[in-house]
Amino acid sequence: MTAWLPDLIYTDGKFESGLAMMVDERGVITRFSRDEEDLKIANRLPGRAMLPGLVNVHSHTFQRVIRGRTEHRTSAEKDSFWTWRENMYHAANAMSPEDIYRAARIAFLEMVLSGITAVGEFHYVHQDLDVARAILKAGQEVGLRVTLLRTAYVRAGWQKDPDPGQARFLTPEVEKFLADTDSMIASGARIGVAPHSVRAVPLEYLRAVAEYARNRGLPLHMHVSEQLAEVEACIAEYGCRPVELLHENGILDEKFTAVHAIHITDEEACFLGGSTVCACPTSERNLGDGAVPADKLFEAGAKMCFGSDSNVQIDILEDARELEYHLRMNKLERAVLDGARLFESATKSGAQSLGSDGGKLEAGAAADFFTIDLNDCSVAGADLESLLAHVVFSLERTAVRDVCVAGELVVRDGRHRLEEEIVREFGEVQRGLWR
Ligand SMILES: [Zn+2]
């Protein structure tokens, strides 16, 4: 039994002081206590507040290698998601399995240093199962929970010739895709399935993957309506929009997470009311995708969560505040969604989407948390009532001090034990890729 005693703990929707959190040897929270004996034996964390670990629902770790390498014009006409994608394919095809592993390690490192304790890795860059296992190993070494979202990728698009840039992503036969997924599950990995998009997976294949996920109770994730061209292609092929297609085919349920869901109608927002939507605002603004209509989705009953996606920046709280700021800019209003709702999206709803432990500090839940320095400039002066809003709208990464997964500290005082090695090895990858 271990006990933790920070100045403040965020539990059950509020900050509490003088409360010790008791954790058993499996890393599960057993109870909270004000008992003097418990307080006496507790690990004190003075000047710190403890919050449930952040959950990053949607990441492509390999894209970390193109950070800062695509921020210039490549086309005489205009740059877009599609010109960015060419650069991304170029990097994906140049990376060795070792490069992919090292990119995963640095992305996961940056995640834990920012308070993330669980991630969904939407993995499609290389369909060899050894590469998938190497990504899981990277997660284990860094110390965060990884749910591997195995991605089905079948075609360039309806009536489109195969794109050589995608050759490494392809899973042409559904039987093999599902058998490979079975074998990953049998090895004990946390797995979800992820048909890449309506564009990349034809309907029959998509239905087979959805049925497989439902029979096994697995999370089902999919890119949905990120770009207008995807919506237009769906209308041309099926005569309806992507979310309409998923609705008509019975694919939307509580295990379904639509990633992006930007270009949707009000009716489509209603269809997503029983599902989860993963917004990735830092990536979406970088790619010029547009803004997720989170107000309409919440109104319809959908849950929201967040992902770092292209990993151009890894900061789930920045995603949370950006979701709100996009709504303010579009509606010319303030305070559209409140801070507590944004924080719940960044934690509890994210864990639910991945079927992962963590996301809340309560008895019976995993001891996945991060602490912040209450004297960090970015939150200094907060009182009990305003601290959560300080965290959601203003916290800087410099304030994150300790990060704990299943009761084990993976970051202490803002440092990770493998930091130097991981950074050095990633530097080698980049020097090799960008000669
Ligand atoms: Zn994505």
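Everything below is about the structure printed above this text.
Residues numbered from 1 in each chain as written. Predicted model: local features only at pLDDT ≥ 70, side-chain atom pairs only at ≥ 80, totals over all residues. Heavy atoms only, no water.

1. Some words on the pairing of strand 8 (residues 145–152)
Note the cut-off: Per-residue accessibility, obtained with a 1.4 Å probe over protein chains only, is compared with the maximum for each type, and a residue is labelled buried under 20%, exposed over 50%, and partly exposed between these values. By the criteria applied, helices consist of DSSP H or I runs no shorter than four residues and strands consist of E runs no shorter than two, each listed in order from the N terminus. At least two DSSP bridges between two strands are required for those strands to pair. Crossover handedness is defined here as right-handed if the route from the first strand over the helix to the second strand goes clockwise, with the strands pointing away from the viewer.
Buried residues dominate strand 8, accounting for eight of its eight residues. With burial as the criterion, each face of strand 8 is covered, one bearing R145, T147, L149 and T151 and the other bearing V146, L148, R150 and A152. Alignment of strand 7 (residues 116–123) against strand 8, held across six bridges, turns out to be parallel. Looking at the pairing, E121 lines up with L148 of strand 8. Note that the unit made of strand 7, helix 4 (residues 129–142) and strand 8 has a crossover that is right-handed. Inspection of the sheet shows strand 8 paired to strand 9 (residues 191–195) by five bridges, in the parallel sense. Counted as the bridge partner of L148 is I191 from strand 9. Following the backbone out of strand 8, through helix 5 (residues 174–186) and into the adjacent parallel strand 9, one traces a crossover that is right-handed.

2. With respect to unusual backbone geometry
At N311, a residue that is not glycine, the phi angle is positive and equals roughly 60°. Examined against the element boundaries, N311 turns out to sit in the loop between strand 13 (303–306) and helix 12 (316–331). Residue N311 is classed as buried on the basis of its relative accessible area of 0%. Backbone geometry places D413, a non-glycine residue, at a positive phi of 50°. By secondary structure assignment, the location of D413 is in the loop between strand 16 (408–411) and helix 16 (419–433). Assessed through its relative accessible area of 45%, D413 is described here as partly exposed.

3. Remarks on the pattern of salt bridges
As a reminder, the rule being used: A side-chain nitrogen of Lys or Arg and a carboxyl oxygen of Asp or Glu constitute a salt bridge if their distance falls within 4 Å.
In total, this model carries 34 salt bridges according to the counting rule given. Its salt-bridge partner being R397, residue E110 comes within 3.7 Å of it at the nearest N-O pair. Of this pair, E110 sits in helix 3 (residues 97–113) while R397 sits in the loop between helix 15 (387–394) and strand 15 (400–405), placing them 287 residues apart in sequence. Residue classification places R397 among the partly exposed residues on the basis of a relative accessible area of 32%. Residue R207 pairs with E204 through a salt bridge whose shortest N-O separation is 4.0 Å. Here R207 and its partner E204 are both found in helix 6 (residues 203–216), three residues apart, which amounts to about one turn of the helix. By relative accessible area, which is 38% here, R207 ends up partly exposed. Owing to a relative accessible area of 57%, E204 belongs among the exposed residues under this scheme. Here the residues in one salt-bridge network are E98, R102, R105, K137, E141, E421, E425 and E428, joined through shared partners.

4. A word on the side chain of R328
Stated formally: Contacts are assigned to residue pairs with any non-hydrogen atoms lying within 4.5 Å of each other.
Examined against the element boundaries, R328 turns out to sit in helix 12. Note on R328: relative accessible area 16%, which makes it buried. In this structure, R328 is in contact with E333, R334, A335, V336 and F393, ignoring residues within four places of it in sequence.

5. With respect to the packing of aromatic side chains
Using the following cut-off: In summary, the pairing rule links any two rings of Phe, Tyr or Trp, Trp by its six-membered ring, whose centres are within 6.5 Å, and it sorts them by plane angle into stacked for under 30 degrees, edge-to-face for over 60 and tilted for everything else.
Tallied over the entire structure, the rule returns twelve aromatic pairs. Ring centres of F81 and W84 lie 5.7 Å apart, and the angle between their planes is 40°; on these two criteria the pair is classed as tilted. Within this pair, F81 and its partner W84 are both found in helix 2 (residues 81–94), separated by three residues, close to a single helical turn. Residue classification places W84 among the buried residues on the basis of a relative accessible area of 10%. Note on Y89 and F169: the rings are 5.4 Å apart at their centroids and 70° apart in plane angle, and the pair reads as edge-to-face. Of this pair, Y89 sits in helix 2 while F169 sits in the loop between strand 8 and helix 5, placing them 80 residues apart in sequence. When its relative accessible area of 3% is taken as the criterion, Y89 is described as buried.

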